[in-house]
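So the chains spell out like this:
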Amino acid sequence: MELDATETERRQLAYATQFFDFTPDAYVDSITAPSKDSVNEHLDAAKERCATEFTGKVKEKDLEEAFVLIKDAYASNAAEVLEKFGRYLKKNIFHIPSDVVLP
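What counts as what
- Residues numbered from 1 in each chain as written.
- Predicted model: local features only at pLDDT ≥ 70, side-chain atom pairs only at ≥ 80, totals over all residues.
- Heavy atoms only, no water.
- Helix = DSSP H or I, 4+ residues; strand = E, 2+ residues; numbered from the N terminus.
- Rg over C-alpha atoms; globule rule 2.2 N^0.38 Å.
- Buried < 20%, exposed > 50% of the residue type's maximum accessible area, 1.4 Å probe, protein only.
- Areas by Shrake-Rupley, 256 points an atom, 1.4 Å probe, with all protein chains shown as cover.
- Lys, Arg positive; Asp, Glu negative; His and termini not counted.
- Charge placed at Lys NZ, Arg CZ, Asp CG, Glu CD.
- Polar contact = N/O pair within 3.5 Å; in protein donor to acceptor, adjacent residues only side chain to side chain.
- Expected span 1.5 Å × (residues − 1).
- Phe/Tyr/Trp six-rings, centres within 6.5 Å; stacked < 30°, edge-to-face > 60°.

Trainee: Teacher, can you tell me more about the overall build of the protein here?
Mentor: When helices and strands are counted, the protein shows three helices and zero strands. Starting at the N terminus and ending at the C terminus, the protein contains elements arranged as α-α-α. In summary, the protein has a C-alpha radius of gyration of 20 Å against a globular reference of 13 Å for 103 residues, an excess of more than 25%. Taken along its principal axes, the extent of the C-alpha atoms in the protein is 70 × 25 × 20 Å. Counting all 103 residues of the protein, 17% fall into the buried class. Here the protein displays about 7900 Å² of accessible surface, and carbon together with sulfur accounts for 58% of that area. Each charge sign in the protein was given a centre, from 13 positive and 20 negative side chains, and these centres are 4 Å apart.

Trainee: I would appreciate a short explanation of the side chain of Thr 32 in the present structure.
Mentor: Its place among the elements puts Thr 32 in helix H2 (residues 24-53). At 3.4 Å, the side chain of Thr 32 forms a polar contact with the backbone oxygen of Asp 29.

Trainee: Explanation requested: helix H1 (residues 7-20) in the structure shown.
Mentor: Three- or four-residue spacings in an α-helix give side chains the same orientation, since the helix completes a turn every 3.6 residues. Counted at 1.5 Å a residue, the expected span for H1 with its 14 residues is 20 Å, and the 20 Å between its end C-alpha atoms agrees. Looking one or two residues beyond H1, the residue adopting positive phi is Asp 21, at roughly 65°.

Trainee: Help me understand the packing of aromatic side chains in this model?
Mentor: Here the distance between the centres and the angle between the planes together describe a pair of aromatic rings. By the definition in use, this model includes six aromatic pairs. Aromatic pair Tyr 27 and Phe 94: ring centres 5.3 Å apart, planes at 75°, arrangement edge-to-face. Placement of the pair is Tyr 27 in helix H2 and Phe 94 in the segment after helix H3 (60-93), with a sequence separation of 67 residues. Given a relative accessible area of 7%, Phe 94 falls into the buried group.

Quick look at the structure:
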């Protein structure tokens, strides 16, 4: 949750944390980190495969630079998509209706 959150947002966070026994941000982080790691592992495997397939045809430096560009593009696009996904989850899934009374 952002530091400049309103009182309503802070109360909603407290309710969601009490209801679910975890913070919505922790749940979003538990999804985003492994997904980024998984894609990076697959990109590394693809780079290894390309390196063996194109031995002698493509310079290793050029291949490395190409995969750095691919990873950078993936990271920026994935960060945007996962941020939107996190906002959606917090707004629509982890939202505790105002008529729910918690202990």
